[in-house]
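# Report on the structure
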Amino acid sequence: MIYEQCQQCATRETCMEIRNYDGTSCPNYRAEGAKQNSTDEVSDSDFENTDFSGHNGYTPAEGKITPEHLKATTNIHGWLVFFFVSILLGSVVSLSFSIVEYAGDTSADSIYSFIDMVEALLALVVAVSTVVAFVQRRTDAVFLGKMYVIYVLASNVLLIFLGDFEDEGLGSIKQLVRSTIWSIIWLCYLIFSEQVAEVIPKSYRRATTFSKWLLGLLIAVPLLAFAIGMGSAYTEYDDSDNYVELVAEDGEFTDGIIAFRSPDGFSCTEDGEGYDKSFLLENDSTVYITIFGSLVPDGFTNEQLFDTVFAVMCESNEELAELDDSPNQIIDYGIANVNGNRTFYKVKRWQLDEEVYYYYRLYMIFDSETDRVCVIECRDLDNEEYLPEIISSVRFQ
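Okay, so let's go over this structure.

Rules used throughout
Residues numbered from 1 in each chain as written. Predicted model: local features only at pLDDT ≥ 70, side-chain atom pairs only at ≥ 80, totals over all residues. Heavy atoms only, no water. Patch = residues over 30% accessible without salt bridge, like charges linked within 9 Å, V, L, I, M, F, W, Y side chains within 5 Å. Areas by Shrake-Rupley, 256 points an atom, 1.4 Å probe, with all protein chains shown as cover. Salt bridge = Lys/Arg side-chain N within 4 Å of Asp/Glu carboxyl O. Helix = DSSP H or I, 4+ residues; strand = E, 2+ residues; numbered from the N terminus. Buried < 20%, exposed > 50% of the residue type's maximum accessible area, 1.4 Å probe, protein only. Pairing = 2+ DSSP bridges. Core = buried A, V, L, I, M, F, W, Y, C linked by side-chain atoms within 4.5 Å. Axes fitted to C-alpha atoms, helices over the stretch in contact; angles between N-to-C directions. Expected span 1.5 Å × (residues − 1). Arc of directions from axis to C-beta. Contact = heavy atoms within 4.5 Å.

## Some remarks on a nonpolar patch on the surface
- Side chains of Trp79, Val81, Phe82, Val85, Leu89, Ile173, Val177, Ile181, Trp182 and Ile185 sit close together on the surface and give an oily, nonpolar patch of about 890 Å² of accessible area.
- Mapped onto the fold, valine 81 is located in helix 3 (residues 79–103).
- Of the residues examined, valine 81 reaches a relative accessible area of 36% and is grouped as partly exposed.

Below you can see the structure in the form of structure tokens.
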């Protein structure tokens, strides 16, 4: 077949002869060191077994491989189509979940959710560009395909290495490993597949300015996220290094983060050491108060932290859960200003008997100048006159 003869010619890369695949032999054809003389007579028998049906009569100009020539002589089918469907579907699903996650993230660290969404959007752009490049037989088609696969592979390996995966769903370790295996398979396919080499010949491939810009963005966005994370970590380290540990004055108790005074008639017992220290105040076995200091974790607003602590210390408490068979309700909640600090509170009541009530009270005082917080947990039988004295005595500096 003349087309195959041309592809196997020793001078194919440098030949500038106009090549016609209509049965006319090339006078410059060389095979295994033999040269056909341009004056040799060409007989009809030379082409009796030649099939030109696959070339649609297209003739590339000046011996150059062009997109039109490749579209006329090659077809996209089979595994290559499956590859297109895989990367398009995967990138669309990833972007959808990123948008949902960003929309529901109201924490101070929502910038990370936004960056994840931008990365997912870039991955979709690369996936779509890959498909378009293959269909149009552009020179950067394989480059874009490899770029997408390597990006997904690197992301999965990094998440697995850092242990940043979920218990179930798309972010689970099972799904990450499965995606990693498929990425390796697709990368090998793009490198070794004969169909890919036929559709986009290796000598024809080269990266374009557009594909290089996409590569730069795929690298720059994760680096930006890393820089923000390092800056945040440095700021936290610097802030924590500047914390001044409180020293208790006469009549005060402190864990180094907060300090307070115990009301008359209450005993105060310390438990733990340093920042893990807590205090238990008791009064005739009818009032139990636990007080401790902490720091607001990254990613939490004051309201979110308060709701989380209430859920853990009250609603998930096994001892209090035994009272849930009794009629109960939230009787008071809100936000107050104590010494210039926002104070969240919530009170839950159980009716143990006709005239016997049991109360759970949670107060959290947030320092207006630092990220310190004082947690006050109270359990009593309708006896709260002690609270104002304790709350007003709390200090952070």
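## Things to note about the pairing of strand 11 (residues 372–380)
- Across the 9 residues of strand 11, 9 count as buried, placing the element largely inside the fold.
- A two-sided burial pattern is seen for strand 11, the buried positions comprising Arg372, Cys374, Ile376, Cys378 and Asp380 on one face and Val373, Val375, Glu377 and Arg379 on the other.
- Bridge analysis of strand 7 (residues 287–295) against strand 11 gives 9 bridges, and the strand direction is antiparallel. When the sheet's bridge partners are listed, phenylalanine 292 is paired in strand 11 with valine 375.
- As defined by bridge partners, strand 10 (residues 357–366) adjoins strand 11 across 8 bridges and the pair is classed as antiparallel. When the bridges of strand 11 are listed, tyrosine 363 appears paired with isoleucine 376.
- Counting the residues in the hairpin turn of strand 10 and strand 11 gives 5 residues.

## Some thoughts on the nonpolar core
- By size, the foremost hydrophobic cluster in this structure holds 33 residues, and its most contacted members are Leu80, Phe83, Phe134 and Tyr148.
- Of all the elements in the fold, those that place two or more residues in this core are helix 3, helix 4 (110–135), helix 5 (141–162), helix 6 (173–192), helix 7 (194–199) and helix 8 (209–241).
- Formed by 22 residues, the second largest nonpolar core is a distinct cluster that contains Ile257, Ile291, Cys374 and Tyr386.

## Topic: the sheet that holds strand 10
- Reading across the sheet, the 7 strands line up as 5-6-7-11-10-9-8 and stay open at both edges, with antiparallel pairing between neighbours. The open sheet has two free edges, formed respectively by strand 5 (267–271) and strand 8 (328–338), since each of these has just one partner strand. Neighbour to neighbour, the strand axes of the sheet diverge by 15 degrees on average, direction disregarded.
- Here 10 bridges tie strand 8 to strand 9 (residues 341–351), and the two strands are oriented antiparallel to one another. Following the sheet pairing, glycine 334 is matched in strand 9 by tyrosine 345.

## So, helix 9 (residues 302–315)
- The terminal C-alpha atoms of helix 9 lie 19 Å apart, and with 14 residues this matches the ideal 20 Å at 1.5 Å per residue to within 8%.
- For helix 9, the set of buried residues is Leu305, Phe306, Val309, Phe310, Met313 and Cys314. Along the axis of helix 9, the buried positions cluster into a sector of 130 degrees, meaning they face one direction only. In helix 9, those exposed residues whose orientation departs by more than 90 degrees from the buried face are Val312 and Glu315.
- Buried residues belonging to helix 9 abut strand 7, helix 10 (318–321), strand 8, strand 9, strand 10 and strand 11.

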